[in-house]
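Topology and contacts: notes
The primary structure of each chain is shown beneath.
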There are 2 protein chains.
Amino acid sequence: MNSEFTLAVHSLTYLALHPGWMATSNAIAESTAVHPVRVRKVLGLLRKQGYIAAKEGCAGGFILQVDPGELDLHDIYKITSKGTLLPKCSSANPDCVVGANMKTTLTTIFGNAEKQLETFLAGYSIKDVALMVRQHPSKQITEIVTGF
Amino acid sequence: MNSEFTLAVHSLTYLALHPGWMATSNAIAESTAVHPVRVRKVLGLLRKQGYIAAKEGCAGGFILQVDPGELDLHDIYKITSKGTLLPKCSSANPDCVVGANMKTTLTTIFGNAEKQLETFLAGYSIKDVALMVRQHPSKQITEIVTGF
DNA sequence: TATAACTGTAATCATATTCATTTCAGTTCA
DNA sequence: TGAACTGAAATGAATATGATTACAGTTATA
């Protein structure tokens, strides 16, 4: 899965685990270890979908706008990774049966594969991810205030 | 899906539709519109698995070694694309719960997604792909000798 | 109302990945 | 013996990805 997806999911999970706060792109950049500008770019996509709100200026930042239990990985996938599974075979030989029809054939097959993947991803909410992250034994920082 | 996979499937389909022939890397390169050296490189992987045989020297080339109905897209996926679905989030902040555990969490989720994808791909044999390619209306070159 | 702390966005640069291309050694057939 | 192949390494070009810089616009607050 591409890194825009993982960055988006990471950011949303971070926001879900800091309910009521305004998290700055710098704070999220520290957690994700990517550049703040990139955080703002990806979060801009989530804002356009209404999943988060952004506030400019002093004391600004990002905050979740939806119930983490109602936002699933398919929602994120649609924004950051749609079509990832589709085959990359641009221009084979049109004068050969195989060359002429391979792209359509594989696109059909992987179109269905992607539908199945999307259904699978719809089974995980950001809340689920947040719970999985917290359940993991490697770090249990209990000071974090969580809403669930 | 990455282009090694599509190149491998394209090549195998080509071989399946030319049973009994020795197809050269040049012939396959013409159908796929990629460089012959790359064809040989990818077909080398398939040869190592025993799916095809390669013959060096004059009148050499590649030929299918297995029943196209018994070779499925999961077999190819394993060789060319294993792990494609796994998330790319290398080194987040280990001092943050989210950063410390996101990779493991997403790897767990997408590990299952990949298993599901592999099951899906196992449902399509090279024979199926060859039939789909021939059924497609855009090119029906009937001179091609086929074994099924 | 001035300033500090933010987001939004464009532009540029560095790095990584992907592929084509060249080259050549080894193999096989005629 | 030479032409037609594969195998494999090495190089270079093109593309994709991500960091960085820069700056305009926004907002709280002292």
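Quick caveat: nothing in here was measured; it's all calculated off a predicted structure.

This part covers the environment of Ile-79 of chain A. Residue and element names in this part refer to chain A. Tracing the chain through its elements places Ile-79 in helix α4 (residues 73-80). When its relative accessible area of 23% is taken as the criterion, Ile-79 is described as partly exposed. In this structure, the C-alpha to C-alpha distance between Ile-79 and Ile-28, residues 51 residues apart in sequence, is 19 Å. Non-local contacts of Ile-79, meaning those with residues more than four positions away in its chain, are made with Leu-45, Leu-46, Gln-49 and Tyr-51.

Time to look at the protein's contact with DNA strand C. Taken together, 21 residues lie around DNA strand C, and Ser-25 and Arg-47 of chain A together with Ser-3, Glu-56 and Gly-57 of chain B are the ones closest in. Of what DNA strand C places within 4 Å of the protein, 67% of the atoms are sugar or phosphate. For DNA strand C, a phosphate oxygen lies 3.1 Å from a polar atom in the side chain of Arg-38 of chain B. Between a base oxygen of DNA strand C and a main-chain N or O atom of Cys-58 of chain B, the distance comes to 2.9 Å. Mapped by element, the contributors of at least two residues to the surface near DNA strand C are α3 (36-48), β1 (52-55) and β2 (61-64) of chain A together with α3 (36-48) of chain B. Here the element with the most residues in the surface near DNA strand C is α3 of chain A; it accounts for three residues. Taken together, the residues of the surface near DNA strand C break down into seven nonpolar, seven polar and seven charged.

Bringing the pairing of strand β1 (residues 52-55) of chain B into the picture now. All names here are of chain B. The pairing of β1 with strand β2 (residues 61-64) spans four bridges and is antiparallel. If you follow Ala-54 over to β2, its bridge partner there is Phe-62. Where β1 folds back on β2, the antiparallel hairpin that results is connected by five residues, among which Gly-57 adopts a positive phi of roughly 80°.

Taking 1.5 Å of rise per residue, 25 residues should cover 36 Å, and helix α5 (residues 97-121) of chain A covers 36 Å from first to last C-alpha, within 8% of that figure. Within α5 of chain A, the axis deviates most sharply at Lys-103 of chain A, by approximately 30°.

What follows deals with the relation of the copies chain A and chain B. Taken as rigid bodies, chain A and chain B are interconverted by a rotation of 180° and an axial shift of 0.0 Å, the fit giving an RMSD of 0.0 Å. The two molecules are tied by a two-fold rotation axis, judged by turn and shift. Measuring from the rotation axis to each C-alpha of chain A, the shortest distance belongs to Leu-117 of chain A, at 3.6 Å. An overlap of 100% is found between the interface residues of chain A and their copies at the interface of chain B, pointing to a shared contact surface.

Bringing the confidence of the model for chain A into the picture now. Overall, the prediction assigns chain A a mean pLDDT of 92, with 92% of residues at 70 or greater. Contacts of residues 139-147 of chain A to residues separated by more than four positions or lying in other chains number 20 contacts, the stretch itself having pLDDT below 50.

Looking now at the side chain of Ser-31 of chain A. With respect to the element layout, Ser-31 of chain A can be found in helix α2 (residues 25-32). Its relative accessible area of 2% is what places Ser-31 of chain A among the buried residues. Ser-31 of chain A has contacts with His-10 and Tyr-14 of chain A together with Ala-92, Asn-93, Cys-96, Val-98 and Gly-99 of chain B, leaving out every residue within four places of it along the chain.

This paragraph deals with the interface of chain A and chain B. A common way to express how large an interface is: the accessible area buried when the components associate. On the chain B side, the residues contacting the 53 residues of chain A number 53 residues. Carbon and sulfur atoms make up 72% of the area that chain A and chain B hide from each other, which totals about 4,500 Å². It is Met-1, Val-97 and Ile-109 of chain A in chain A that bury the most area against chain B; as a group they hold 14% of the surface buried on that side. The interface formed by chain A and chain B contains zero salt bridges.

We now examine the protein's contact with DNA strand D. Around DNA strand D sit 21 residues, and of these Ser-3, Glu-56 and Gly-57 of chain A together with Ser-25 and Arg-47 of chain B come closest. The sugar-phosphate backbone supplies 67% of the atoms of DNA strand D found within 4 Å of the protein. At 2.8 Å, a side-chain N or O of Glu-56 of chain A approaches a sugar or linking oxygen of DNA strand D. When the residues that make up the surface near DNA strand D are grouped by side-chain class, the tally is seven nonpolar, seven polar and seven charged.

All names here are of chain A. Spanning 13 residues, α3 covers 18 Å between terminal C-alpha atoms, matching the ideal 18 Å at 1.5 Å per step. For α3, the set of buried residues is Pro-36, Val-39, Val-42, Leu-43, Gly-44 and Leu-46. Each element contacted by the buried residues of α3 is listed here: α1 (3-16), α2, β1, β2 and α4. Positive phi appears at Gly-50, one or two residues downstream of α3, with a value of about 85°.

Quick notes on the rules
- Residues numbered from 1 in each chain as written.
- Chains lettered and ligands numbered in written order.
- Predicted model: local features only at pLDDT ≥ 70, side-chain atom pairs only at ≥ 80, totals over all residues.
- Heavy atoms only, no water.
- Helix = DSSP H or I, 4+ residues; strand = E, 2+ residues; numbered from the N terminus.
- Buried < 20%, exposed > 50% of the residue type's maximum accessible area, 1.4 Å probe, protein only.
- Contact = heavy atoms within 4.5 Å.
- Near = heavy atom within 4 Å.
- Polar contact = N/O pair within 3.5 Å; in protein donor to acceptor, adjacent residues only side chain to side chain.
- Nonpolar A, V, L, I, M, F, W, Y, C, P; charged D, E, K, R; others polar.
- Pairing = 2+ DSSP bridges.
- Expected span 1.5 Å × (residues − 1).
- Bend = angle between axes of the 7 residues up to and from the residue.
- Least-squares fit on C-alpha atoms with pLDDT ≥ 70 in both.
- pLDDT = per-residue confidence, 0-100.
- Buried area = accessible area lost by both parts, 1.4 Å probe.
- Salt bridge = Lys/Arg side-chain N within 4 Å of Asp/Glu carboxyl O.

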